[in-house]
Amino acid sequence: MGVLPGHVPTIAELKPGVMTVHEGTDVSKYFVSSGFAFIHANSVADVIAVEAVPVDHLDSNLVQKGLAEFTQKLGSASTDLEKAEAQIGVDVYSAMNSALTG
Amino acid sequence: MASTAAVPFWRSAGMTYISYSNICANIVRNCLKEPHKSDAIAREKVHFTVTKWSEGKPEKPSKIPTLNHQSSVSIRLDLAGVSCAGVGLS
């Protein structure tokens, strides 16, 4: 989803992933852990996230290890809650992985 | 008339949005490079001060120190007669 001035007022729930900010010709990428984006009628947009870090603050070794660990947990999970937690881990690590390699 | 919107997998497993969001945030925090990682972990340390009330009067407050934010999200307090005051951020 792209937001330009004049965007229709929106409330969007964000999935773990990359948010790209363009300031003139400067482009900065942030990885957002999850959260919401509010686009207001006066063309102000707020992004609310518990963690939003520049993509180059992420350590790709830790991401790879985590992805392998949670993929394995997903395979061996038994209760619904364990499956959900493992799935969340897989989703977040995969998103970080794409952010680093994309 | 029930709505047919799809429920996210974590909600159907009994998790709330806030737990989901905090789990995601913890995962991201653990994948940071130093020094950002220690900064983030230190920033997110919380403790709770709980005051039980009886007959309209507060009793002596007690602290619940938490090691990480994720465990604090799963604290469920019996809210009848308890006030949770002064969430401290170190």
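Chain B carries the name ATP synthase subunit epsilon, mitochondrial in an unreviewed UniProt entry, which gives Linum tenue as its organism. Under the UniProt heading Subunit (unreviewed entry), the entry covering chain B gives this text: "F-type ATPases have 2 components, CF(1) - the catalytic core - and CF(0) - the membrane proton channel. CF(1) has five subunits: alpha(3), beta(3), gamma(1), delta(1), epsilon(1). CF(0) has three main subunits: a, b and c." Of chain B, the UniProt comment under Sequence similarities (unreviewed entry) reads exactly: "Belongs to the eukaryotic ATPase epsilon family."

Turning to chain A, the UniProt record has this under Sequence similarities (unreviewed entry): "Belongs to the ATPase epsilon chain family."

A. Just the layout of surface pockets, in detail. Residue and element names in this part refer to chain A. In this model, the largest pocket occupies a volume close to 650 Å³. Taken together, 20 residues make up the lining of the largest pocket; nearest its centre are Met1, Val3, Met19, Thr20 and Val47. Within the residue set of the lining of the largest pocket, elements represented by two or more residues are strand S1 (10-14), strand S2 (17-23), strand S4 (35-39) and strand S5 (45-49). Tallying contributions element by element places S2 first for the lining of the largest pocket, with 6 residues. Each residue belonging to the lining of the largest pocket can be placed in one class, and the counts come to 13 nonpolar, 4 polar and 3 charged.

What counts and how
- Counting restarts for each chain: residues are numbered from 1 in the order of the written sequence.
- Chain labels run from A onward and ligand labels from 1 onward, assigned in the order the entries are written.
- Where local features are concerned, this predicted model is filtered to residues with pLDDT of at least 70; where side-chain atom pairs are given and counted, the filter is 80 or more; whole-chain, interface and lining totals use all residues.
- Computation of side-chain values: all heavy atoms of the structure, hydrogens and water removed.
- UniProt positions are given in the numbering used here, feature names are shortened, and annotations may be inferred rather than shown by experiment.
- In this analysis the probe radius is 1.4 Å and the grid spacing 1 Å, with only protein atoms considered; a cavity is a set of points the probe fits into but cannot get out of, a pocket is an open set with protein on both sides within 12 Å along at least five of seven lines, and lining residues have an atom within 4 Å of a point.
- Grid points are joined across faces, edges and corners, and a volume is the space filled by probe spheres set on the points.
- Only DSSP runs of H or I with at least four residues qualify as helices, and only runs of E with at least two residues qualify as strands; both kinds are numbered from the N terminus onward.
- Charged residues are taken to be Asp, Glu, Lys and Arg, nonpolar residues to be Ala, Val, Leu, Ile, Met, Phe, Trp, Tyr, Cys and Pro, and polar residues to be all remaining types, Gly included.

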